[in-house]
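Chain by chain, the residues:
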Amino acid sequence: MSLDARSVGRMRGSSLMIALFVIVVMALLAAAMGRFLTDSSEKNTVEVRSVRALLAAQSGLEVALYRLFPNRTPALPEPPAVCEANQGRIPLTFTGNPGLVDCQAVVRCVAVPVTDNGLVSTGYRLESEGSCGSNDLASANPDFRVSRTIVAEAYGGTNP
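About the criteria used
- All residue numbers here refer to positions counted from 1 along the written sequence of the relevant chain.
- A pLDDT threshold of at least 70 governs which residues receive local features in this predicted model, and a stricter bar of 80 or more applies before side-chain atom pairs are shown or counted, although totals over entire chains, interfaces and linings include all residues.
- Note that the side-chain values use all heavy atoms of the structure and ignore hydrogens as well as water.
- In this scheme Phe, Tyr and Trp rings, the latter by its six-membered ring, pair at centre separations within 6.5 Å, and the angle between planes marks the pair as stacked below 30 degrees, edge-to-face above 60, and tilted otherwise.
- For the purposes of this entry, the term helix denotes a DSSP run of H or I that reaches at least four residues, the term strand denotes a run of E that reaches at least two, and both are numbered from the N terminus.
- Relative accessible area decides the class of each residue, using a 1.4 Å probe on protein chains only: under 20% of the type maximum gives buried, over 50% gives exposed, and in between gives partly exposed.
- Salt bridges are identified by distance alone: a Lys or Arg side-chain nitrogen within 4 Å of an Asp or Glu carboxyl oxygen.
- By definition, residues are in contact when any of their heavy atoms lie within 4.5 Å.
- A pair of sulfur atoms, both from cysteines and within 2.5 Å, is called a disulfide here.
- Put simply, a nonpolar core is a bunch of buried Ala, Val, Leu, Ile, Met, Phe, Trp, Tyr and Cys residues held in one set by side-chain atoms that sit within 4.5 Å of each other.

### What about the packing of aromatic side chains?
(1) Moving on: All told, the structure shown has one aromatic pair when counted by the stated rule.
(2) Moving on: Note on Phe69 and Tyr124: the rings are 6.2 Å apart at their centroids and 75 degrees apart in plane angle, and the pair reads as edge-to-face. With a gap of 55 residues between them, Phe69 in the loop between helix H2 (14-68) and strand E1 (92-93) and Tyr124 in strand E3 (residues 119-133) connect regions that are remote in the sequence.
(3) Moving on: By relative accessible area, Tyr124 is classed as buried at 13%.

### Here we look at the pattern of salt bridges
(1) Moving on: Throughout the structure, instances matching the rule amount to three salt bridges.
(2) Moving on: In this structure, Glu127 engages Arg108 in a salt bridge whose closest nitrogen and oxygen atoms are separated by 3.7 Å. Of this pair, Glu127 sits in strand E3 while Arg108 sits in strand E2 (residues 103-116); the two residues are 19 residues apart in sequence, bridging distant segments of the chain.
(3) Moving on: Taking relative accessible area as the criterion, Glu127 reaches 31% and is therefore assigned partly exposed.
(4) Moving on: For Arg108, a relative accessible area of 37% gives the class partly exposed.
(5) Moving on: In this structure, Arg108 and Glu129 form a salt bridge, with 3.9 Å as the shortest nitrogen-oxygen distance.

### What about unusual backbone geometry?
(1) Moving on: In this model, Asp102 sits at a positive phi of 65 degrees, which is unusual for a non-glycine residue.
(2) Moving on: In this structure, Asp102 sits in the loop between E1 and E2.
(3) Moving on: For Asp102, a relative accessible area of 48% puts it in the partly exposed group.
(4) Moving on: A positive phi is found at Asn117, a non-glycine position, where the angle reads about 55 degrees.
(5) Moving on: Looking at the element boundaries, Asn117 is found in the loop between E2 and E3.

### Some thoughts on the side chain of Arg49
(1) Moving on: Of note, Arg49 is situated in helix H2.
(2) Moving on: Aside from chain neighbours lying at most four places away, what touches Arg49 is Cys132, Gly133, Asp143, Phe144 and Val146.

### So, the state of the cysteines
(1) Moving on: In the structure shown here, the tally under the stated rule is one disulfide.
(2) Moving on: Cys103 shares a disulfide with Cys132; S-S distance 1.9 Å. With the S-S dihedral at roughly 110 degrees, the linkage between Cys103 and Cys132 falls on the right-handed side. Separated by 29 residues along the polypeptide, Cys103 in strand E2 and Cys132 in strand E3 bring together distant segments of the chain.
(3) Moving on: The class of Cys132 is buried, set by a relative accessible area of 1%.

### Focus on the nonpolar core
(1) Moving on: Of all hydrophobic cores here, the largest spans 17 residues; its most connected members are Phe94, Cys103 and Leu126.
(2) Moving on: No other element matches the six residues that H2 contributes to this core.
(3) Moving on: Cys103 has contacts with Arg52, Ala56, Leu92, Thr93, Phe94, Ser131 and Cys132, leaving out every residue within four places of it along the chain.

What follows is the structure in structure tokens.
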């Protein structure tokens, strides 16, 4: 079985077509992998920023709880609770903390009545919103902002 000259002439361009097909398929795979890596990087950035926003919200909540229930001292055995309605208008910034750079927390405090063993006293509902990033579209490098909110209720209890 030998090949004649006519069949060899017809098969001449097939290896070029196969090579071209392989190059196109490899280019498509490389483009898909590049897009996959970009998406993965963006998701990682959002996840890191989300955790930082949650930590900023928790830190804001802890600051608000300390304002509500400050340490007792011999000079001030019953310090007054600080729950101002406009407390949330001033955001807490974390300039000294490198882990929370470009993050802030806004805390809102509302006094609510609490009934304990038939006695009505004051409780507090705290809402802390932590946010990280910037959504200023006018800046040179516009970014996105991620925020997380934590709600807690606190009650000092009754004195026996």
